[in-house]
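Analysis of the macromolecular model
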Amino acid sequence: MSGRFITLEGGEGSGKTTQIQLLHAVYKEAGHACVVTREPGGGAGADAIRQLLLTGVEDKWHKVSETLLFQAARVEHVEHVIKPALHRGDTVLCDRFLDSTIVYQGISKGLGADYVRALHQLTLGNVQPDVTLILDIDPAVGLTRAKARAGDETRFENMGTGFHSQVREGFLSLARIEPERCKVIDASQSAEEVHKAIRKAVGL
Ligand code: Z5A
């Protein structure tokens, strides 16, 4: 696969959607083919699973079922959207990927990072991002930003500050384990400053 696979990760309201749009504009202006996508979602099957996962009460799913649903959506997404784009040589900009499952279900919900990695290996092999941008922000700030947007996809938002603090620590621990792939970006800066840091991190 000749395309470049870039993921954005971080807590709720850290600015991933905003930054993906800004980065996409840079690629577009340069005339470079670029696919913007997100998880859970990306394709009809994965979008249907998204609805199951992000709406409703917090304890709606057992952590094992929840993890299997995230990975089922990911298989649909990778096979139908991500792999074809990378084979064409496009750049793929993806809002969340496997690292979110490692952090949210593996670390914060206690299933174990190794369990999540093993499930990924079993279902998708070695599909991994080339670069991961971790947008780091105080969860209280991120949640305040996120609450300002409307909609019913609030299941994770409602999981409490302790949970979201573990998420933040989880992402930072991944960056310590894989510093070559995972670049931590200070997301408390203005959107323009964050964009500048991201361009530098991806070499644009
Ligand atoms: N999840 C999981 O548990 N396991 C998995 O494997 C996967 C996901 C894949 C997905 O929700 C939830 O699923 C997620 C984890 C879980 N929940 N949590 N927490 P999502 O993808 O729909 O939600 P999100 O990823 O948390 O995104 P978000 O809340 O939509 O936020 P965002 O995309 O990071 O931020 P944004 O939309 O760009 O910005 C939010 C607001 O802040 C908006 O009004 C912006 O204008 C504003 N903003 C953005 N940047 C700035 C700066 N720099 N300064 C000030 N204001 C800003």
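Structure: above.
Below is a short write-up of the structure. Along every chain, residues carry numbers that run from 1 in the direction the sequence is written. Local features in this predicted model are restricted to residues of pLDDT 70 or higher, and side-chain atom pairs are both shown and tallied only at a pLDDT of 80 or more, whereas totals for entire chains, interfaces and linings draw on every residue. The side-chain values count all of the structure's non-hydrogen atoms but skip hydrogen atoms and water molecules.

Observations concerning the nonpolar core
The criterion, for reference: What makes a nonpolar core is a set of buried Ala, Val, Leu, Ile, Met, Phe, Trp, Tyr and Cys residues whose side-chain atoms join them at distances within 4.5 Å. Relative accessibility decides the category of a residue: with a 1.4 Å probe and only protein chains considered, values under 20% of the type maximum give buried, values over 50% give exposed, and everything between is partly exposed. Numbering goes from the N terminus for both helices and strands, where a helix is a DSSP run of H or I of at least four residues and a strand is a run of E of at least two. Residue contacts are defined here by distance: any two heavy atoms, one from each residue, within 4.5 Å place the two residues in contact.
Membership of the largest hydrophobic core comes to 33 residues, with the highest contact counts inside it found for Phe5, Ile82, Val92, Phe97 and Phe156. The set of elements that each furnish at least two residues to this core consists of helix H2 (44-54), helix H3 (63-88), strand E3 (91-95), helix H4 (98-108), helix H5 (113-124) and helix H7 (161-177). Here this core gets seven residues from one element, more than from any other, and that element is H3. If we skip the residues at most four places from it in the chain, Ile82 touches Phe5, His77, Val92 and Phe97. Core analysis: the second largest hydrophobic core is formed by 16 residues, Cys34, Leu93, Ile185 and Val194 among them.

Examining the site of the ligand
This is how it is decided: Proximity criterion: a residue is near a molecule or strand once any of its heavy atoms comes within 4 Å of it. For the purposes of these results, a polar contact is taken to be a pair of N or O atoms within 3.5 Å, where, inside protein, one atom must be able to donate a hydrogen and its partner to accept one; residues adjacent in sequence count only when each atom of the pair is a side-chain atom. The accessible surface values rely on the Shrake-Rupley method and a 1.4 Å probe; as for residues, cover is taken only from the protein chains in view. The residue classification treats Ala, Val, Leu, Ile, Met, Phe, Trp, Tyr, Cys and Pro as nonpolar and Asp, Glu, Lys and Arg as charged. All others, Gly included, are polar.
Near the ligand there are 26 residues, and of these Glu12, Thr17, Thr18, Thr101 and Arg149 occur at the shortest range. The side chain of Arg145 places a nitrogen or oxygen atom 3.2 Å from a nitrogen atom of the ligand. Separating a nitrogen atom of the ligand from a backbone N or O atom of Ala191 is a distance of 3.2 Å. Within the complex, 81% of the 1100 Å² of free accessible area of the ligand lies under protein. Ranked by residues supplied to the shell around the ligand, first place goes to H4 with four residues. Of the residues belonging to the shell around the ligand, the class tally is seven nonpolar, 11 polar and eight charged.

Observations regarding helix H1 (residues 16-29)
The test is simple: By this rule the span expected of a helix is its residue count minus one, scaled by 1.5 Å. The directions considered for the arc are those from the helix axis to the C-beta atoms.
Spanning 14 residues, H1 covers 20 Å between terminal C-alpha atoms, matching the ideal 20 Å at 1.5 Å per step. Residues of H1 that are buried include every one of Lys16, Gln19, Ile20, Leu23, Val26 and Tyr27, and no others. Taken down its axis, H1 places every buried residue within 120° of arc, on the same side. Exposed and facing more than 90 degrees away from the buried side of H1 are Gln21, Lys28 and Glu29. Gly31, located one to two residues past H1, shows a positive phi value of around 75°.

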